[in-house]
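Listed here are the chains, written in short residue letters.
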Amino acid sequence: AAAAGAAAAAAAAAAATDSPWVSRQQERHYRLLAELQALVKALPSACQQRLSYTTLSELALALLDGTVFEIVQGLLEIQHLTEKNLYSQRRQLHSEHRGLKQELFHRHKEAQQCCRPHNLPLLRAAQQREMEAMEQQIREEQRMMDEKIVLELDQKVIDQQSTLEKAGVSGFYITTNPQ
């Protein structure tokens, strides 16, 4: 009876692998694998060595049902929104800085027009120091904004890695190593 059950299971398994659906899935898997291999060939050899046949095959399998595509599309949309928002914040800061510079320039110009000629060199020296201090403050604020942007983008990368790792996509794990 056990032998008959094993034979029936083997026959069912053989029939299942002969089904058109399994054959189409295998065909898609091999096509995706071939496309991934072609993409890997375009990478530098150091990167190629990190992507084994097994890893590429597992990636192709993960791509078969479309879930990974949906996940990646969602991550891409989040990334684009984040990038647009950060770019907008940076432009806003730049606009504020430009306004501060123009305001200072106009104040300086008015002060020079009201100034007595013999005090003009002292006024210009003081205004030069004030302008240099403002430019230093602007550079510092810009540097801090750029650091904030880099940190936020780094966090998005970590979020993406985590999401793909949790989805079971081969080769994805959280790392802060840029290599």
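Shown above is the structure to which this text applies.
Note on numbering: residues in each chain are counted from 1, in written sequence order. Reporting in this predicted model follows two pLDDT cut-offs: at least 70 for local features of residues, and 80 or more for side-chain atom pairs to be given and counted; totals over whole chains, interfaces and linings ignore these cut-offs and use all residues. Side-chain numbers here rest on the full set of heavy atoms in the structure, without hydrogens or water.

Draft legend 1. Molecular detail of the overall build of the protein. Secondary structure elements are defined from DSSP: runs of H or I of at least 4 residues count as helices, runs of E of at least 2 residues count as strands, and each element is numbered from the N terminus. Secondary structure summary: the protein contains 6 helices and 0 strands in total. Here a residue-residue contact requires only that any non-hydrogen atoms of the pair lie within 4.5 Å. When contacts within the protein are restricted to residue pairs at least 6 apart in sequence, long-range pairs at least 24 apart make up 60% of them. In this description, accessible areas are obtained by the Shrake-Rupley approach with a 1.4 Å probe, and a residue is regarded as covered only by the protein chains that are shown. A total accessible area of about 13100 Å² is found for the protein, and carbon and sulfur atoms account for 58% of it.

Draft legend 2. The arrangement of the nonpolar core in detail. Here, nonpolar core means buried Ala, Val, Leu, Ile, Met, Phe, Trp, Tyr and Cys residues that are tied together by side-chain atoms lying within 4.5 Å of each other. Relative accessible area decides the class of each residue, using a 1.4 Å probe on protein chains only: under 20% of the type maximum gives buried, over 50% gives exposed, and in between gives partly exposed. If you look at the biggest cluster of nonpolar residues, it comprises 14 residues, and the most contacted ones within it are L36 and L56. With 5 residues, helix α4 (residues 53-63) is the single largest residue contributor to this core. Note that domain bounds follow an automatic or database assignment of domains. Here this core spans two domains, since at least three of its residues come from each of domain 1 (1-65) and domain 2 (66-171).

Draft legend 3. A look at the layout of surface pockets. Reported here for the second largest pocket is a volume of approximately 340 Å³. Using only the protein atoms, space was sampled on a 1 Å grid; points where a 1.4 Å probe fits but cannot get out form cavities, open sets with protein on both sides within 12 Å along at least five of seven lines form pockets, and lining residues are those with an atom within 4 Å of a point. Every residue lining the second largest pocket is counted, 14 residues in all, and those nearest its centre are V68, V72, L164, V169 and F172. Secondary structure elements with two or more residues in the lining of the second largest pocket: α4, α5 (67-114) and α6 (120-166). Taken together, the residues of the lining of the second largest pocket sort by class into 12 nonpolar, 2 polar and no charged. Per-domain counts for the lining of the second largest pocket show at least three residues from each of domain 1 (1-65) and domain 2 (66-171). Grid points are joined across faces, edges and corners, and a volume is the space filled by probe spheres set on the points. When residues are grouped by polarity, Ala, Val, Leu, Ile, Met, Phe, Trp, Tyr, Cys and Pro land in nonpolar, Asp, Glu, Lys and Arg in charged, and all others, Gly among them, in polar.

Draft legend 4. Local environment of the state of the cysteines. The criterion for a disulfide is a pair of cysteine sulfur atoms lying within 2.5 Å. In the structure shown here, the tally under the stated rule is 0 disulfides. This cysteine, C115, is not joined by any disulfide, and C114 carries the nearest cysteine sulfur, 8.7 Å off. Given a relative accessible area of 21%, C115 falls into the partly exposed group.

Draft legend 5. Main features of α6. Given the number of residues in a helix, its expected span is that number minus one, multiplied by 1.5 Å. In this model α6 runs 68 Å from its N-terminal to its C-terminal C-alpha over 47 residues, within 8% of the 69 Å that 1.5 Å per residue would give. All buried positions along α6 are accounted for by L120, Q127, M131, M134, I138, Q142, M145, I149, Q160, Q161, S162 and L164. In the core, the buried residues of α6 are packed alongside α5. Just past α6, the residue G168 takes up positive phi, approximately 85°.

Draft legend 6. Seen up close, the pattern of salt bridges. Basic side-chain nitrogens of Lys or Arg form a salt bridge, by our definition, when they fall within 4 Å of a carboxyl oxygen of Asp or Glu. Scanning the entire structure with this criterion turns up 5 salt bridges. Here E130 ties to R107 by a salt bridge, and the two come within 3.4 Å at their closest N and O atoms. With E130 in helix α6 and R107 in helix α5, this residue pair connects regions lying 23 residues apart in the sequence. Given a relative accessible area of 33%, E130 falls into the partly exposed group. Residue R107 is classed as partly exposed on the basis of its relative accessible area, which comes to 43%. Among the salt bridges present, the one from E152 reaches K148, with a minimum N-O distance of 3.9 Å. With a gap of 4 residues between them, E152 and K148 both fall in helix α6, about one helical turn apart.

Draft legend 7. Fine view of the side chain of Q161. If you trace the backbone, Q161 turns up in helix α6. Not counting the four nearest positions on each side in its chain, Q161 is found in contact with F172, Y173, I174 and T175.

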